[in-house]
Structures are given as structure tokens and as C-alpha cells.
Amino acid sequence: MTALKIAPLFQPLDAELNATVDFLQGLLPPEALTLADATTYSLSTLGKLVRPAMVHALWQAITGKPSDDRVVKLAAVTEMIHLATLLHDDVLDEADLRRGKSTVRQRFGNRIAILGGDWLLAQASQTLASLGNLQLVSFYAQVLAELCEGEVLQNALAYQPLAEISWDAYTQKTYKKTASLYVCLAKSVAVLAEADDLTMQKAIDFGNAFGMAFQFHDDLLDYTADATDLGKPILDDIRNGLANAPILLLFQEESQQAFLEEAVQTIFNLVQEQAPLEAIDQACVALKEALHQRGGIALTQALIASTRQDAQSALTHFKTGHGLNILGALLKA
Ligand code: FPP
Ligand code: MG
């Protein structure tokens with residue numbers, strides 16, 4: 001029942017990604033009917049499949065071989081964990097829109113969204129166990145903890161004065177919340193491929209740099225994208241009390257600090273006072289314009305470019321072919 005259009009970039013992985021989607025959509029639904037509806041809905045609104053594509057592409061770049069059943073399962077496990085985090089994240093963020101569609105929580109309620117996420121985690125655990133490799137179990141157990149810690153670290157940073165948010169704290173949060181899953185999948189592919197230590201390290205370096213750049217880019221889109229293209233609201237981080245990369249990078253310039261402190265605090269106050277939406281929107285748009293004019297956007301673009309370059313350097317170690325081409329193209333997407 002694959003109803004998914006594979007992104008043009010991933011066409012060379014068409015067979016592998018279709019096998020992954022078939023595996024996901026072939027999971028036996030839960031007996032509880034509402035949960036079955038919710039998880040089926042969630043599995044029918046898959047996104048671009050960046051993580052499964054990376055599992056398959058990295059496997060090909062390390063081994064030069066097509067993916068086998070184990071790699072398909074690993075790709076499915078990674079996507080199930082990602083989906084579970086999104087189901088839970090949309091409850092935490094009270095989000096109504098994802099990938100241009102209603103969120104599970106909006107459609108089925110918060111309880112079902114939480115339980116649906118839990119159910120997906122259980123399926124991921126079972127599939128992982130079926131691979132019979134304790135090292136992989138350990139990697140995925142670690143990443144679940146990191147994802148939770150990342151979310152809690154983010155929570156601790158929310159609505160804090162900018163002077164209290166160190167770049168280190170922001171990057172630690174970003175690693176745990178986003179890059180950790182890419183590092184986990186990269187390490188796991190290397191283990192399945194029985195790769196040597198250097199290859200393992202290059203896979204980790206790629207996953208880490210790709211994941212960090214991915215989140216910096218996500219931060220940037222909040223101030224540069226259009227809500228329809230993004231499939232979710234823009235200016236959402238700041239409305240949720242989160243100062244992300246464009247703000248924090250610009251804040252490192254002393255001459256910008258007073259302005260930014262004032263602009264960000266104004267928004268936080270308006271949100272916390274539950275001011276009319278138009279007033280919040282106006283303050284967010286003013287901040288967005290200032291980030292463009294004062295250089296926060298350019299600083300973030302430069303950081304994304306240098307982090308992607310780190311990922312590109314790690315790739316020089318791998319075998320040429322479709323897998324490597326896709327990993328390289330993903331960095332430019
Ligand atoms: C999206 O963030 C959320 C994540 C990348 C991770 C969320 C992690 C949790 C909710 C905790 C762990 C949960 C499990 C199931 C292990 P975002 O809100 O910045 O992005 P968005 O704009 O796409 O919502
Ligand atoms: Mg969210």
C-alpha cells in the first residue's frame with residue numbers, strides 16, 4: 001500500500017525506500033481501534049524519508065552492495081523512532097499542523113498521540129531485537145535517552161534571557177535533539193557493515209555534521225521560509241520561547257546585544273501575557289526583519305555551509321556510487 005512519492009533526489013533508492021515504507025505500513029496495527037487509526041494515519045503521512053534514505057545510502061557508500069533485509073529493518077526502526085518523537089513533540093508544542101496535514105494530536109487527541117508514539121517505539125524495539133545484535137540495541141537505547149534529554153534541555157532554555165544562553169548549551173541541546181539520531185543510524189550502519197574503526201569514525205563524523213547542519217537549517221527556515229512550503233507555521237520557535245541559531249549567533253556580536261535582548265524579551269512578554277495574536281505576530285515579524293538586516297541570517301548560512309563542509313570531508317572516505325552521490329546531494333538540499 002505504498003502511497004508515497006519518493007523525492008526525486010532519492011530515486012536511485014526507489015526499491016530500498018519502497019521496501020522500507022512497505023515494512024512500516026505492513027506493521028500489524030494495534031488492537032485498540034483508535035490507536036490503529038492514529039498509527040495508520042501517522043504512517044500514511046510519512047515525510048521525505050531523509051533518515052531511511054541515509055541508512056540505505058550510507059550502507060551502499062560503505063559496502064558498495066545493495067541493501068539487504070537487515071538494512072531495510074534498520075531504516076524502518078530509525079523512521080519509527082523519528083515518527084514517535086514527532087507524535088510526542090506535537091503534544092508538547094501543541095502543534096496542529098505537520099507536513100501540511102493535521103497532526104495526530106489534533107485529529108485524535110493528546111492521549112492517543114502519546115500512546116501512538118509509545119506503540120511505535122515498541123514496534124521499533126521489536127524490529128531492532130529481531131536483528132539479534134546487542135550493539136545496535138545499545139546504540140538505539142542511548143539515542144532514546146539523548147532525544148529525551150535534548151527536549152528537556154530545550155525546555156530549560158525556553159524563555160531565558162539571551163545572556164543566560166551559552167552557545168555550548170544550545171549546541172548540546174541541538175546535538176541531543178537532532179544530530180544524535182543521525183549519529184546513531186550512522187554507527188549502526190557501520191556495525192551492520194562490519195566496517196573498520198576509521199570507517200566507523202567517518203560515518204559518525206558525517207552523521208554528526210549532517211545532523212547539526214540539518215537543525216541549523218531548520219532554525220533558519222523559521223525566519224526565511226513560507227508557511228505553505230514548510231508545511232508548518234513559521235516563526236514558531238520564538239513564539240514558543242526559543243531563541244535559535246540566527247538570534248544566538250548575532251547575539252555573539254556585542255553591538256547587537258542590547259537590541260536583541262529587548263526585541264526577544266518583548267516577544268516573550270507578549271506571549272506570556274497572552275497578548276492578541278496580531279501584536280505577537282507584529283513583534284515576531286519585526287525580529288525577523290532585523291535578523292535579515294543585521295546579519296543573523298547570513299551568520300547562520302555561513303555556519304550551515306561550514307558544517308556541511310565538515311560532513312562533505314568525511315564523505316571523501318567512502319566508495320563512489322549512488323549512495324555517495326545521494327549523501328553529497330543531501331548536503332546541498
Ligand atoms: C522536533 O522539534 C522534535 C524532535 C527532533 C525531538 C523531540 C523529542 C521528544 C519529544 C522526546 C523524546 C521522545 C521519544 C519518543 C524518544 P521541533 O519542535 O523543533 O521541530 P518541529 O518544528 O518539526 O516540530
Ligand atoms: Mg515541534
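Here, every reference points to the structure presented above.
Residues numbered from 1 in each chain as written. Chains lettered and ligands numbered in written order. Predicted model: local features only at pLDDT ≥ 70, side-chain atom pairs only at ≥ 80, totals over all residues. Heavy atoms only, no water.

*Asks:* Please clarify how the pattern of salt bridges should be interpreted in this entry.
*Replies:* Pairing between side chains of opposite charge can happen when their charged atoms approach one another. For the coordinates displayed, the defined rule picks out 6 salt bridges. Asp68 is the salt-bridge partner of Arg70, the closest N and O atoms lying 3.0 Å from each other. Given the relative accessible area of 32%, Arg70 is considered partly exposed. We classify Asp68 as partly exposed; its relative accessible area is 28%. Through salt bridges with shared partners, a single ionic network connects Asp89, Asp90 and Arg98. (Salt bridge = Lys/Arg side-chain N within 4 Å of Asp/Glu carboxyl O. Buried < 20%, exposed > 50% of the residue type's maximum accessible area, 1.4 Å probe, protein only.)

*Asks:* What is the right way to read helix H2 (residues 33-44) from this model?
*Replies:* The terminal C-alpha atoms of H2 lie 16 Å apart, and with 12 residues this matches the ideal 16 Å at 1.5 Å per residue to within 8%. By the burial criterion, the buried members of H2 are Leu35, Ala36, Ala38, Thr39, Tyr41, Ser42 and Leu43. In this structure, the buried side of H2 is in contact with helix H1 (14-25), helix H4 (69-92), strand E2 (101-102), helix H5 (104-108) and helix H6 (110-130). (Helix = DSSP H or I, 4+ residues; strand = E, 2+ residues; numbered from the N terminus. Expected span 1.5 Å × (residues − 1). Contact = heavy atoms within 4.5 Å.)

*Asks:* Mind showing me how you'd approach the coordination of the magnesium ion (ligand 2) here?
*Replies:* Here the magnesium ion (ligand 2) is held by Asp89 (OD) and Asp93 (OD), and the distances to it run 2.0 to 2.1 Å. On the basis of relative accessibility, which here comes to 14%, the residue Asp89 falls in the buried class. On the basis of relative accessibility, which here comes to 31%, the residue Asp93 falls in the partly exposed class. (Donors = N, O, S within 2.8 Å, 3.2 Å for Na, K, Ca; no water.)

*Asks:* Looking at this structure, I do not really get the nonpolar core. What am I missing?
*Replies:* Core analysis: the largest hydrophobic core is formed by 72 residues, its most contacted members being Leu74, Tyr140 and Phe206. For Phe206, the contacting residues outside a window of four places in its chain are Met54, Ala311, Ala314, Leu315, Leu327 and Leu331. Membership of the second largest hydrophobic core comes to 33 residues, among which are Leu162, Leu248, Leu250 and Cys284. (Core = buried A, V, L, I, M, F, W, Y, C linked by side-chain atoms within 4.5 Å.)

*Asks:* Teacher, can you tell me more about the packing of helix H7 (residues 134-157) against helix H8 (residues 167-192) here?
*Replies:* Direction vectors running N to C along H7 and H8 enclose 170 degrees, while the axes themselves pass 7 Å from each other. Classified by the angle between their axes, H7 and H8 sit roughly antiparallel to one another. The two elements H7 and H8 meet at a crossing, and its hand is left-handed. (Axes fitted to C-alpha atoms, helices over the stretch in contact; angles between N-to-C directions. Parallel < 35°, antiparallel > 145°, perpendicular 65-115°, else oblique. Left-handed = near helix turned anticlockwise from the far one by under 90°.)

*Asks:* For this particular structure, what's the right way to read H4?
*Replies:* Because an α-helix packs 3.6 residues into every turn, residues spaced three or four apart end up facing the same way. The terminal C-alpha atoms of H4 lie 35 Å apart, and with 24 residues this matches the ideal 34 Å at 1.5 Å per residue to within 8%. Most of H4 is tucked away: 18 of the 24 residues are buried. One side-chain oxygen at the N-terminal end of H4 lies 3.0 Å from the backbone nitrogen of Arg70; it belongs to Asp68. Remark: Glu94 follows H4 within two positions and exhibits a positive phi of approximately 50 degrees. (Polar contact = N/O pair within 3.5 Å; in protein donor to acceptor, adjacent residues only side chain to side chain.)

*Asks:* Just to check I follow, could you spell out empty space enclosed by the protein for this structure?
*Replies:* Left-over empty space is what a probe sized like a water molecule reveals as it rolls over the atoms. Scanning the model with the defined rule gives 1 cavity of 30 Å³ or more in all. Each pocket or cavity is described by its volume, and for the largest cavity that value is around 120 Å³. As for the largest cavity, its lining consists of 13 residues, and the residues nearest its centre are Thr45, Leu87, Asp90, Arg98 and Val104. Contributions of two or more residues to the lining of the largest cavity are made by H2, H4 and E2. Counting residues per element, the lining of the largest cavity draws most heavily on H4, at 4 residues. A class-by-class count of the residues in the lining of the largest cavity yields 5 nonpolar, 4 polar and 4 charged. (1 Å grid on protein atoms, 1.4 Å probe; cavity = no way out; pocket = protein on both sides within 12 Å on 5 of 7 lines; lining within 4 Å. Points joined across faces, edges and corners; volume = space filled by probe spheres on them. Nonpolar A, V, L, I, M, F, W, Y, C, P; charged D, E, K, R; others polar.)

*Asks:* Explain the side chain of Asp222 here, please?
*Replies:* Tracing the chain through its elements places Asp222 in helix H9 (residues 197-224). Of the polar contacts made by the side chain of Asp222, one reaches the backbone nitrogen of Asp237; its length is 2.8 Å. Not counting chain neighbours up to four residues away, the residues in contact with Asp222 comprise Pro233, Ile234, Leu235, Asp236, Asp237, Ile238 and Asn244.

*Asks:* Can you help me understand the environment of Asp222 in this one?
*Replies:* The class for Asp222 is buried, based on a relative accessible area of 6%. Through-space distance from the C-alpha of Asp222 to that of Ile234 is 4.9 Å; in sequence the pair is 12 residues apart.

*Asks:* What is the right way to look at unusual backbone geometry in this model?
*Replies:* Positive phi is not limited to glycine here, since Arg99 has a value of about 50 degrees. A residue is classified by how much of its surface remains accessible, and Arg99, at 32% relative accessible area, is partly exposed. One non-glycine residue, Gln274, adopts positive backbone phi at about 55 degrees. Following the sequence through the fold, Gln274 ends up in the loop between helix H13 (254-272) and helix H14 (277-294).

*Asks:* Sorry, what's going on with the side chain of Thr78 here?
*Replies:* By the secondary structure assignment, Thr78 is in helix H4. Looking at Thr78, its side chain comes within polar contact range of the side chain of Tyr140, at 2.8 Å. Contacts of Thr78, omitting those with residues within four sequence positions, involve Arg51, Val55, Tyr140, Leu181 and Leu185.

*Asks:* When you look at the packing of aromatic side chains in this model, what are you seeing that I'm missing?
*Replies:* Describing an aromatic ring pair means giving the distance of the ring centres and the angle of the ring planes. Under the definition given, this model contains 9 aromatic pairs. Pairing Tyr159 with Phe268 gives two aromatic rings, centres 5.1 Å apart and planes at 70 degrees, and the pair type is edge-to-face. In this pair, Tyr159 is assigned in the loop between H7 and H8 and Phe268 in helix H13, connecting sequence segments 109 residues apart. Residue Phe268 is classed as buried on the basis of its relative accessible area of 1%. Ring centres of Tyr170 and Phe216 lie 6.3 Å apart, and the angle between their planes is 20 degrees; this geometry places the pair in the stacked category. With a gap of 46 residues between them, Tyr170 in helix H8 and Phe216 in helix H9 connect regions that are remote in the sequence. (Phe/Tyr/Trp six-rings, centres within 6.5 Å; stacked < 30°, edge-to-face > 60°.)

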